[in-house]
Every structure is written in structure tokens, then in C-alpha cells.
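# Chain and residue survey
The primary structure of each chain is shown beneath.
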Amino acid sequence: MTKKIPVLVIVGFLGSGKTSLLNHVLSENKGLKIGVIVNDFGAINIDSMLVARQTDSKLELSNGCICCSADEGGLDDAITQLAHSGSLLDYIVIEASGLAEPHDLVYLLSQSKNKYIELDSVIAVIDSETVIEQSEKHPGFFKQLDIADTVVLNKTDLVTKKQLAKVKGYLHFLNERIRLIETSHGAVDTRLLLNSDVALKRDPSNGDQLNLGNHSQHSHIHDDFDTFEFSTKNPIDPKKFELYMKEGIPKSIYRAKGFVYFGIKGIEQKFIFQLVGARHTLKLDDWRGQSPTTDLVFIGKDIDKISLKSDLNALIDEAPEDISGNLMNIFDYR
């Protein structure tokens, strides 16, 4: 019999913590050889750069949602590079863009011509702090969560017990069959995710079962979103950057992520930047042989790209100061 490699799909709206969960799976892989396919909506695949190096093989699908690249054979081509007669992988994990269509992705995987894979389960990552607000703004995405086998209720450390109970009740209303796993920072016992036996039974020949039809003829969530990439080798002024991200960034931006080079004398490491809604964080990292540069991706609606580019260019530091001793007073870089 042909060996089939199980495929775990991670979906979730923008900023929910999918990459954190993926990195946790890779670091706590129980000895399994895991291949990864990472999809990012922007031309710069920041998520792929953030994926831990524990993966046995990694492929990128950038500059568009994974369900559209699948229409063109992109997903099947990527899977074929990981799943073939000589593959030594035990698992394949797909991290979809925060704007991918869960139903479409699952259907297209079930229709894959690759005989060496089988869909194991779908994990939806939810931001406990913002899920209800996001579902009101983007109901199309959250209506599709009935495709999930397991929901990872992430960032529970950011809400009260009362708020958490409200969120759990709301999610069970959307899909009473799902399992909820509560966590923060994507830290989940991987035995609950890998070799799962709770995957919903799906009939791959029945597209109507997933309320689909022709993929190219129905609207996509990402049709309403814009993306903007910003890169510079010049250092960024940390004070201006922090003030802009707190007070100046347009409300049309829902999500931003990437790497920032401040060029602070004495502290010239990479900073990993994440923004979800009005909340942003910076975390110290190292360049690992890369040339210092700032690479940022912004996702939102009706982005004024000319104005945003001008704003970001204004953050460039023409004369970096030695302010390393006062770094904690400028921003939180946990």
C-alpha cells in the first residue's frame, strides 16, 4: 500500500498566533520528521522567516492566498516536493495566510492529485482578545470555522475569566462539535494535534458538502484587503518608530509584522515586530549572518500606500544615537 503522509492544516485570522503554534509543534515534534508549507499574503514571506529551524523541509507560497495559488497548481506543486515515493517525512504542516479561505483550502487538498498525502486535521487558531470584534467586522471568515476539527484558543493570558467564558460560548455556538484547547503563546501539547483521530469525515467528491462550487466564481475574504511591503537598509529611529506605532499608524492597518533594524550603538540586533489591531510588540533576535535590514509587511483595507510609504521613510534615522542604556524606557521588547 502507498504510504500516505498526514497533512495538518493551521488556519486563523490575521494575528491569531498561527506561526507561534507552528514553531511550538516543530520544537515539540515527538521525534517526527515534519515538512512545512508556509503561505503569506504579502510578497515578503515574513511568516516563513519566523518559522523555527527545526523543520526538516520548508516551502514558501508568497504574494497571495494559498487557495488561489492552489487553483493554479501551486499548492499541488509544493506538496509534490514534500510528498513522493522516496519521502522520509512523517507529517506535513500547512500554515495558511490569515486571509486564506479554510473551506476552499480543505476542499482543494481533498482534490489533490498527490497520492502520497491524506488530510489529517484542521486546526483553527483564535485570538481570545479580539475574536468577537473581528467576527463582527469579518463574518465571512468566522462562519467558516465549522471546518475546524480543533480550535486553539490562543492569548488567553490577555483576557479575564469572564471574557474567556463569553468567547468559548460564542465559539461553541459557531461549531458545537469542535474541541477547544486553551493556551497562550501557542503552547499546546502536540500530542493533541498530531496523529489526531478526531478529524471530521469528509467526502472529497462532494464539493457541495463544503458549500463551495467553482472556486474562481465566488468572492474571497482577501479581495477586500490590501498589502504593502516596506524595506530599507537604513536604520530606523526607535523613538519615532514607537510613537508612530502607538499613535500614528492608520486605523486601516489590521496587521503588520516583520523585522526592524534600529542601528542602536551597542545593540544592533534584529527586532521582530508584530502588530495586531492597536497592540504591538518587539522582540530581540539575531541576524544569523543576514545583512541588517528592515522588512515590514502591512495588511489592511483601503491602504493609502503613498502616505504610508512617506510615513515610514520619515522614521529612518539619519544619525543614530547611543541610547542603548535607555532602551527599556523607549519600548517593550520582550
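Keep in mind that this is a model prediction, so the values were computed, not measured.

This paragraph deals with the overall build of the protein chain. When helices and strands are tallied, the protein chain shows 11 helices and 12 strands. Within the protein chain, buried positions represent 55% of all 334 residues. Partitioning the contacts of the protein chain with sequence separation of at least 6, the portion at a separation of at least 24 is 77%. Accessible surface computed for the protein chain: about 15800 Å², of which carbon and sulfur atoms make up 47%.

Right, let's talk about the nonpolar core for a bit. One finds I92, I126 and L171 to be the most contacted residues of the largest nonpolar core, which totals 41 residues. Once you skip the residues sitting within four places of it in the chain, I126 turns out to touch S16, V131, F142, L145, V151, V152, L153, N154 and L171. If you look at the next biggest cluster of nonpolar residues, it comprises 23 residues, including F228, F230, F273 and F298.

This part is about the packing of aromatic side chains. Using the criterion set out here, one finds five aromatic pairs in the structure. Taking the centre distance of 6.5 Å and the plane angle of 40° together, the rings of F228 and F298 count as tilted. Residue F228 is found in strand β8 (residues 226-232), and its partner F298 is found in strand β12 (residues 294-300); the two are separated by 70 residues along the sequence. For the pair F228 and F298, one class covers both residues: buried.

Once that is clear, we can look at the environment of K240. Tracing the chain through its elements places K240 in helix α9 (residues 238-248). Classification of K240 as partly exposed rests on a relative accessible area of 41%. K240 sits 74 residues away from A314 along the chain, and the two C-alpha atoms are 8.5 Å apart. With near-sequence residues (within four places) excluded, K240 lies in contact with A314 and L315.

Looking now at helix α4 (residues 74-82). Where α4 is concerned, the buried positions are L75, A78, I79 and L82. Each buried residue of α4 sits inside an arc of 100° when the element is viewed along its axis, so together they form one side. Along α4, the residues that are exposed and aim more than 90 degrees away from the buried face are D77 and Q81.

A few words on the confidence of the model for the protein chain. Model confidence for the protein chain is summarised by a mean pLDDT of 78, while 75% of its residues fall at 70 or above. Looking across the protein chain, the model is least confident in helix α3 (residues 66-71), with a mean pLDDT of 51, and most confident in helix α10 (residues 305-313), with 96. Confidence over residues 196-215 falls short of pLDDT 50; this stretch has 42 contacts with residues more than four positions distant or in other chains.

Inspection of the secondary structure puts T190 in the loop between β7 (179-182) and β8. Under the relative-accessibility criterion, T190 is labelled buried at 1%. Among the polar contacts made by the side chain of T190, one reaches the main-chain carbonyl oxygen of E28 at a distance of 2.7 Å. Setting aside anything within four residues of it in sequence, one finds T190 in contact with H24, V25, E28 and K30.

As a further point, take the pattern of salt bridges. Should the charged atoms of two oppositely charged side chains come close, the side chains can pair. Taken as a whole and assessed by the stated rule, the structure comprises six salt bridges. A salt bridge links K168 to E182; the nearest nitrogen and oxygen atoms lie 2.8 Å apart. Residue K168 is located in helix α8 (residues 161-174), and its partner E182 is located in strand β7; the two are separated by 14 residues in the primary sequence. Given the relative accessible area of 29%, K168 is considered partly exposed. Under the relative-accessibility criterion, E182 is labelled partly exposed at 40%. By sharing partners, the salt bridges in this structure join D285, D286 and R288 into a single network.

On the secondary structure map, S87 appears in the loop between α4 and β4 (91-95). Note: C-alpha distance between S87 and K3 (84 residues apart in sequence) is 9.5 Å. Setting aside its immediate chain neighbours within four residues, S87 contacts K3, I5 and L82. A polar side-chain atom of S87 sits 2.8 Å from the main-chain carbonyl oxygen of L82. Within the structure, the side chain of S87 is placed 3.2 Å from the backbone nitrogen of L89, a separation counted as a polar contact.

Rules used in this analysis
Residues numbered from 1 in each chain as written. Predicted model: local features only at pLDDT ≥ 70, side-chain atom pairs only at ≥ 80, totals over all residues. Heavy atoms only, no water. Helix = DSSP H or I, 4+ residues; strand = E, 2+ residues; numbered from the N terminus. Buried < 20%, exposed > 50% of the residue type's maximum accessible area, 1.4 Å probe, protein only. Contact = heavy atoms within 4.5 Å. Areas by Shrake-Rupley, 256 points an atom, 1.4 Å probe, with all protein chains shown as cover. Core = buried A, V, L, I, M, F, W, Y, C linked by side-chain atoms within 4.5 Å. Phe/Tyr/Trp six-rings, centres within 6.5 Å; stacked < 30°, edge-to-face > 60°. Arc of directions from axis to C-beta. pLDDT = per-residue confidence, 0-100. Polar contact = N/O pair within 3.5 Å; in protein donor to acceptor, adjacent residues only side chain to side chain. Salt bridge = Lys/Arg side-chain N within 4 Å of Asp/Glu carboxyl O.

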